[in-house]
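# Structural description and commentary
Spelled out from the first residue to the last, the chains are:
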Amino acid sequence: MLLCQSSITEPCRALLGANNLLSATDPKPLTSTVVRDDESKLVSAAKAGDLAAFEELVNRYERKIFRLGMNITQNREDAEDVMQDAFLKSYQNLDRFQGDSRFYTWLVRIAVNEALMKLRKRRPNQVSLDEPLTTDEDSVFREIADWGPSPEKKFAQTELNEILTSVIGELDPIFRVAFLLRDVEGVSTEETAQILGISEAAVKSRLLRARLKLRQKLNKYFRRSETQ
Amino acid sequence: MNCKKVILELSEYLNGALDSTIRLDLEQHLARCTDCRIVVDTCRKTIQIFCNSEPVPLPEDVRQRLHTALLDRIRRNPKSV
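Residues numbered from 1 in each chain as written. Chains lettered and ligands numbered in written order. Predicted model: local features only at pLDDT ≥ 70, side-chain atom pairs only at ≥ 80, totals over all residues.

### A short note on the domain arrangement of chain A
Residue and element names in this part refer to chain A. Heads up, the condition is: Domain limits in this description derive from either an automatic procedure or a database domain assignment. By definition, residues are in contact whenever their C-beta atoms, placed on the basis of the backbone, come within 7 Å of each other. Secondary structure elements follow DSSP: runs of H or I of four or more residues count as helices, runs of E of two or more count as strands, with numbering from the N terminus.
The assigned domain composition of chain A is domain 1 (10-122) and domain 2 (137-222). The interface is formed by 10 residues belonging to domain 1 together with 10 residues belonging to domain 2. Breaking the side of domain 1 that touches domain 2 down by element, the ones donating at least two residues are α4 (51-73) and α6 (103-122). Of the residues forming the side of domain 1 that touches domain 2, the biggest block, 5 residues, is contributed by α6.

### Side note on the interface of chain B and chain A
The following threshold applies: Charged residues are taken to be Asp, Glu, Lys and Arg, nonpolar residues to be Ala, Val, Leu, Ile, Met, Phe, Trp, Tyr, Cys and Pro, and polar residues to be all remaining types, Gly included.
With 35 residues of chain B in contact, the opposing surface of chain A contributes 44 residues. Of all elements in the fold, only α1 (3-14), α3 (34-52) and α4 (60-76) of chain B reach the threshold of two or more residues within the side of chain B that touches chain A. The class makeup of the residues in the side of chain B that touches chain A is 21 nonpolar, 8 polar and 6 charged.

### Re the environment of Val62 of chain B
Let me state the cut-off plainly: The exposure scheme places C-beta atoms from the backbone and then counts, for each residue, the other C-beta atoms within 10 Å of its own, assigning buried at 20 or more, exposed at 12 or fewer, and partly exposed in between.
Following the sequence through the fold, Val62 of chain B ends up in helix α4. Under the C-beta neighbour-count criterion, Val62 of chain B is labelled partly exposed, with 18 such atoms within 10 Å. Contact partners of Val62 of chain B, with chain neighbours within four places excluded, come to Phe66 and Glu80 of chain A.

### Description of the packing of helix α3 (residues 39-47) of chain A against α4 of chain A
Residues and elements named next belong to chain A. To keep things clear, this is the line we draw: Orientation is described by axes fitted as lines to C-alpha atoms, over the contacting stretch for helices, and by angles from 0 to 180 degrees between their N-to-C directions. The cut-offs work like this: below 35 degrees is roughly parallel, past 145 is roughly antiparallel, 65 to 115 is roughly perpendicular, and the gaps in between are oblique. The crossing is said to be left-handed when, going from far helix to near helix, the turn is anticlockwise and less than a right angle, and right-handed when the turn is clockwise.
Closest axis-to-axis distance for the α3/α4 pair is 7 Å, and the angle between their directions is 135 degrees. By the angle class used here, α3 and α4 are oblique. Between α3 and α4 the crossing geometry is left-handed. Along its contact with α3, which presents Leu42, Val43, Ala45 and Ala46, the element α4 presents Ala53, Phe54, Glu56 and Leu57. Split into classes, the residues belonging to the contact of α3 with α4 amount to 7 nonpolar, no polar and 1 charged.

What follows is the structure in structure tokens.
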């Protein structure tokens, strides 16, 4: 409670929400010795058998893992599978989690692997994390257009979400995952490299390409019109 | 610094991870190159727009199924947690 009372953030809203289904469907209410405490304490308590602590970890990250699954797979059913499998595997392997990274990073790693497996199954010849990257800096300057101060305001929220989903879906998975981990999930370069099993230099290269490609794809929506 | 070098350093510049000498060099280039300035600005906005976008809502039925599956696993294998 201490973490959440003063300013209610998205994870905190989830924590404070009444729909704790593990508890709701279990005849015995779960009580935790760790009350809304930080992640490492929750993990320690969950390892020691505190189910409410594990439930809180699920509540804290379920939306983020679902979003990550959606963004990588671009498919709601796959995203649901990714989320379920990621939490089930984290539960199964909790004893093996050494705590040398954040639990969330470990969970993301599991979820990314699950999501990439989904993609490989769907498009076995198109998804590789090892394909060579080409550099084409010159193409950046083919279309130069100012967007104005708040280009996203040209669109209603629903329309904007559709645009963002569409353009990120067009990105090659190797770029998409780097962008999602670094820029959307806020995972560090070092952690992204660990998750993807590539070098930090490769993460940086993929992130640059991803950002440039997304910028280019968004250009047609956000470029300032002549009347602006 | 030329335009091509600006693009190569763009990501690290936006991350605030550039060495100060290279950063100053890059910013001097931006001060006189409109095209690069637009690329840097629109790239920064690209990241901001994605970061500020509303997260995909987690449908309640999806959440229900997740918690039911976890509960089922915990009941079948209570010693794992």
